[in-house]
Amino acid sequence: MNSRAATVAGYLIGFALLFAIWHLASVFIVRSVLFPSPFPVFERGWVLIADGLLQESVWASMRRIIQGFLLGSAIGIPIGLAIGSFRPVRLLLEPWTEFFRFIPAVAMITVAVIWFGIGEESKIFLIAYTTVFVVVIATAAGVGAVGKDKIRAAQCLGANKFQVFALVALPATVPYILTGMRLAMANAFVTIVAAELVASNDGLGKMLWDARLFMQVEDIFVALISLGLLGFATDRVFRLLIRAFAGRFNPTM
Amino acid sequence: MGFVELDGVGMTFRGRTGAYEAVRDFNLELAEGEFFCLLGTSGCGKTTVMNMLAGFDRPTSGEIRLEGRPVRGPGADRGVVFQGHDSLYDWLTARDNIAFGLRLRSMGRGERRAIADRFLNMVGLTGQGAKHPSELSGGMKQRIQIARALANDPRMLLMDEPFGALDAMTRAVLQGELSRIWSENRKTVLFITHDIEEACALATRVGVMKRGPGGTLKAVVPIDLPFPRERTSDAFMACFRQVHALIHEEIHPHE
Ligand SMILES: Nc1ncnc2c1ncn2[C@@H]1O[C@H](COP(=O)(O)OP(=O)(O)O)[C@@H](O)[C@H]1O
Ligand SMILES: [Mg+2]
């Protein structure tokens, strides 16, 4: 068996095992309407897909995640590069990043809603907020980790400051940037659900909230499974990207 | 006027633990086209001397000149081969690593490729140009470093224990190839090593350093043997013994 087939088989068996344990637990251990077996949940999921409701919620959440994530990365990467490259910039901005990264995006929900309302803007702001600091820190660390000899080699091949940055520091930092973005993506999932729970008209968080109000336990589980699968799929895409850009010279990524 | 002149060069590092005078009053003239080996025990200041000549560090006293002009910083006239292979660019192929300096001068793609391939051949890596550094062995990576420095056509080559991390067999092969390449192009080389046999096999002159603090040149031994060197010959053995005696005093100073 080749390694790709082995990976896929491993995932399938792993998921099957998870659902099997869930089923057994619901039948023999918990036995409560509050903890349904996977079968009614799948049935309910199928109904929600047939009605188009699940896709709507998934798309609402994913759209916000992608927009906020791209915005946050677009802001975070240049700032991280500047912090990593120039000491004065680092001294100036490090207090900011060190300060804000300890204020979780979830804690910013209230101000976000006050500033931007409960529409798209507040969600995109929160996702961008949670993305920026992780990306800044990873990028700056990447710049700092560029080997001294790599830079010196370029200098004695005739590189000027700009060439050292564009042709050595930047490409050497790409794996760090992508790893930072991957971590930020995980944060974005946490943030979007919290934001939609508190203030939203659609999305998976709203679906969770409504299901609680109306005691639709199956709906809650459908939303939870959707989040897990979405996160899983997104992370896979990221790992593929990292491998495509960086993996050929760094197999550990 | 020598091709390279180190004139009363000294380097004192200042750090948290106080000042350390690594190199003191280092004087040396290199003629164009010679292969000079700087030999010394670990920590005697060899890398410090090379870093100053490469322009990475400024001497705290004295002056270094290349063709009469004071060295002020790193430049394309001094190609450097580093001890480890961290200096290679992992995201570039072997060929693009070799052509890196040419790309900096915005040479066209076709010309770059032709030159890179010529130097790939020169270091015995014909047909390996599309591989990335992670796909190459330690010895092959050092070959790429040498090709990268030479492809840029510097006035001289600085090499800091380039074969130090290689196994004995690979090291001997690379020493032979470097010697052959040098015999063909006669570039001025400053080659740093702590291996007496390596120095005697490659050099036209061997400079032996006194250990630090205040590391400096204590003797220069000309090696007037034809290339390629015959390592088992009596003449080679005699050179080895002469250099060994000088180094031995540094390792066991109180005997
Ligand atoms: N940046 C530095 N700061 C302080 N001391 C240094 C520094 N670089 C080298 N030294 C010291 O200078 C001495 C010579 O170092 P080096 O030139 O690297 O020796 P070698 O290359 O001959 O092994 C050593 O004792 C080393 O600890
Ligand atoms: Mg050294």
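Residues numbered from 1 in each chain as written. Chains lettered and ligands numbered in written order. Predicted model: local features only at pLDDT ≥ 70, side-chain atom pairs only at ≥ 80, totals over all residues. Heavy atoms only, no water.

By the naming in an unreviewed UniProt entry, chain A goes by ABC transporter permease and is assigned to Falsiroseomonas oleicola. What the UniProt record of chain A gives under Subcellular location (unreviewed entry) is the line "Cell membrane". Taken directly from UniProt, the Sequence similarities (unreviewed entry) text for chain A runs: "Belongs to the binding-protein-dependent transport system permease family." (UniProt positions renumbered as here; feature names shortened; annotations may be inferred.)

Before going further, it helps to spend a moment on the interface of chain A and chain B. The accessible area lost on association of the parts is a frequent measure of interface size. In this complex, chain A contributes 17 residues to the contact, which on the side of chain B involves 23 residues. Around 2,000 Å² of area is buried between chain A and chain B when both sides are counted, 65% of it from carbon and sulfur atoms. For the chain A face of the interface with chain B, the top three residues by lost area are A:Lys150, A:Cys156 and A:Leu157, together amounting to 34%. Along the contact surface separating chain A from chain B lie one salt bridge. (Contact = heavy atoms within 4.5 Å. Buried area = accessible area lost by both parts, 1.4 Å probe. Salt bridge = Lys/Arg side-chain N within 4 Å of Asp/Glu carboxyl O.)

What follows deals with the domain arrangement of chain A. All names here are of chain A. Taken domain by domain, chain A consists of domain 1 (1-35) and domain 2 (38-246). If you look at the interface, domain 1 gives nine residues, while domain 2 gives 11 residues. When domain 1 packs against domain 2, the two sides together hide about 860 Å² of surface, and 83% of this comes from carbon and sulfur. Sorting the residues of domain 1 by area buried against domain 2 places Tyr11, Trp22 and Leu34 first, and these three jointly supply 51% of that buried surface. Remark: the boundary between domain 1 and domain 2 carries zero salt bridges. Across the domain 1-domain 2 interface, the total number found is one residue pair in polar contact (both at pLDDT 80 or more). Here the residues of the side of domain 1 that touches domain 2 sort into seven nonpolar, two polar and no charged. (Domains from an automatic or database assignment. Polar contact = N/O pair within 3.5 Å; in protein donor to acceptor, adjacent residues only side chain to side chain. Nonpolar A, V, L, I, M, F, W, Y, C, P; charged D, E, K, R; others polar.)

Turning our attention to the side chain of A:Glu196. Residue and element names in this part refer to chain A. With respect to the helices and strands, Glu196 occurs in helix 8 (residues 161-198). On the basis of relative accessible area, Glu196 is assigned to the buried category, the value being 1%. A distance of 3.1 Å separates the side chain of Glu196 from the backbone nitrogen of Leu204, its partner in a polar contact. Excluding anything up to four places from it in sequence, Glu196 contacts Ala60, Ser61, Arg64, Lys123, Asp202, Gly203, Leu204, Gly205 and Lys206. (Helix = DSSP H or I, 4+ residues; strand = E, 2+ residues; numbered from the N terminus. Buried < 20%, exposed > 50% of the residue type's maximum accessible area, 1.4 Å probe, protein only.)

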